[in-house]
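Report on the structure
Here's the letter readout for the chains.
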Amino acid sequence: MVRIILAFLLFTKVMLSQEVESLAIDLSQYSNVRDFCINQDGDEAFFTIQSINQEISQIVQVKKVNGTWKEPELLPFCDEYNYLEPFLSYDQTKLFFVSNRPTAADAKTAKQNFDIWYVKRKSKTDKWSEPFNLGENVNSDGDEFYPTLAENNNLYFTMESPNGLGKDDIYFCEWNGSEYSTPKLLDNTINSEGYEFNAFISRDESFLIYTKYNAKGGEGSGDLYIARKNESNDQWQPAINMGKIINTRFMEYCPFYDSKKHILYWSQK
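Everything in this summary refers to the structure shown in the same document. Only a predicted model underlies this, so the values are computations on that prediction, with no experimental measurement involved. (Residues numbered from 1 in each chain as written. Predicted model: local features only at pLDDT ≥ 70, side-chain atom pairs only at ≥ 80, totals over all residues. Heavy atoms only, no water.)

**Observations concerning the packing of aromatic side chains**
Counting across every chain of the model gives 18 aromatic pairs. Taken together, a centroid distance of 4.8 Å and an interplanar angle of 15 degrees make the contact between Phe 77 and Phe 97 stacked. In this pair, Phe 77 sits in the loop between strand S7 (73-74) and strand S8 (83-88) while Phe 97 sits in strand S9 (residues 94-99), placing the two residues 20 residues apart along the sequence. In this structure Phe 77 comes out as buried when scored by relative accessible area, which is 5%. Taking the centre distance of 5.7 Å and the plane angle of 80 degrees together, the rings of Tyr 195 and Tyr 213 count as edge-to-face. Here Tyr 195 is found in strand S16 (residues 195-201), whereas its partner Tyr 213 is found in strand S17 (residues 207-213), with 18 residues between them in sequence. Ring pairing ties together the aromatic residues Phe 36, Phe 87, Tyr 90, Phe 200, Phe 256 and Tyr 265, which thus form one cluster. The aromatic ring of Tyr 118 is capped on one face by Lys 94, whose charged end is 4.9 Å from the ring centroid. Over the ring of Trp 117 we find Arg 101; its NZ or CZ atom is 5.3 Å from the centre of that ring. (Phe/Tyr/Trp six-rings, centres within 6.5 Å; stacked < 30°, edge-to-face > 60°. Helix = DSSP H or I, 4+ residues; strand = E, 2+ residues; numbered from the N terminus. Buried < 20%, exposed > 50% of the residue type's maximum accessible area, 1.4 Å probe, protein only. Lys NZ or Arg CZ within 6 Å of the ring centre and 35° of its normal.)

Here it is in structure tokens:
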């Protein structure tokens, strides 16, 4: 069973936790839920639902009306392929996600790897478009996972690459106003020879929260770590474990931080 939990946090130079609890939205009808994100207004949320063995994976949207969360609805573009790890842009017009749906080129070769995709809309009340692949600048012949964006649209994500430090590493693509740069591997203050994945970048790019798997000194199979950026030289400082209030002997992953309400959401299994 995968569940989503949350903590009310104050992010300063020291992280203070005030309360940890389960998510208020009723998700009991689903076997596994993960990858939660919520808009800045606090009235529209997205998450992944999966079958017990994860062979089925789809993205669900839920809206709050007059203070009450309504029934979750499957997003219209979901089909026989897998969809997971939604991230809503700060202007609320684009929803990024990961899918193994084929591109036109993939359809000719029957290749099915995970790429980063997005859908767009004009406003919260408009319908979502058909999915767009983020393109060859970002997506490779391997798998890309867990897209997260700063307010300036700089993109951070997990990639499996033979050129990384480990099997799964965190990469970064800079947005120049019209397109993304090719992926840049974050250095060894973030990545290692082990597994680093599912990073959340803060709105202003001042901190990064992500999972390290089986790291020395950790609490369990996968723990959440936080790395902060040095304001004077724009370099990442070494990541630190977020502690026993959040991390357990179980897997903690898929973080999302609501900077408006100072709430950190993450998945646990």
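**Let's talk about the nonpolar core**
Counting 58 residues, the largest nonpolar core has Phe 47, Leu 75, Ile 116, Leu 134, Val 138, Leu 155 and Phe 157 as the members making the most contacts within it. Leave out the neighbours within four places in its chain, and Phe 157 touches Ile 116, Val 138, Glu 144, Phe 145, Tyr 146, Pro 147, Asp 169, Ile 170, Tyr 171, Cys 173 and Pro 183. Core analysis: the next-biggest nonpolar cluster, separate from the first, contains 13 residues, Ile 170, Phe 172, Tyr 210 and Tyr 225 among them. (Core = buried A, V, L, I, M, F, W, Y, C linked by side-chain atoms within 4.5 Å. Contact = heavy atoms within 4.5 Å.)

**Quick notes on the pairing of strand S18 (residues 222-228)**
Within S18, six of the seven residues are buried, leaving the element largely enclosed by the surrounding structure. As defined by bridge partners, S17 adjoins S18 across seven bridges and the pair is classed as antiparallel. Across the sheet, the residue bridging to Thr 211 is Leu 224, located in S18. Taken together, the two bridges between S18 and strand S19 (residues 240-241) define a ladder with antiparallel strand orientation. Within S19, the position partnered with Tyr 225 by the bridge is Asn 241. (Pairing = 2+ DSSP bridges.)

**Side note on the environment of Gln 40**
Examined against the element boundaries, Gln 40 turns out to sit in the loop between strand S3 (32-38) and strand S4 (44-50). Classification of Gln 40 by relative accessible area gives buried; the value is 13%. With 49 residues separating them along the chain, Gln 40 and Ser 89 place their C-alpha atoms 9.8 Å apart. With near-sequence residues (within four places) excluded, Gln 40 lies in contact with Tyr 90, Arg 203, Asp 258, Ser 259 and Lys 260.

**Brief notes about the pattern of salt bridges**
Side chains carrying opposite charge are able to pair once their charged atoms draw close together. One pass over the full model with this rule turns up 11 salt bridges. Note that Arg 34 is salt-bridged to Asp 35, the shortest N-O span being 2.7 Å. Residue classification places Arg 34 among the buried residues on the basis of a relative accessible area of 10%. Glu 160 is the salt-bridge partner of Lys 167, the closest N and O atoms lying 3.5 Å from each other. Classification of Lys 167 as partly exposed rests on a relative accessible area of 45%. In this structure, a network of salt bridges that share partners links the residues Arg 34, Asp 35 and Glu 85. (Salt bridge = Lys/Arg side-chain N within 4 Å of Asp/Glu carboxyl O.)

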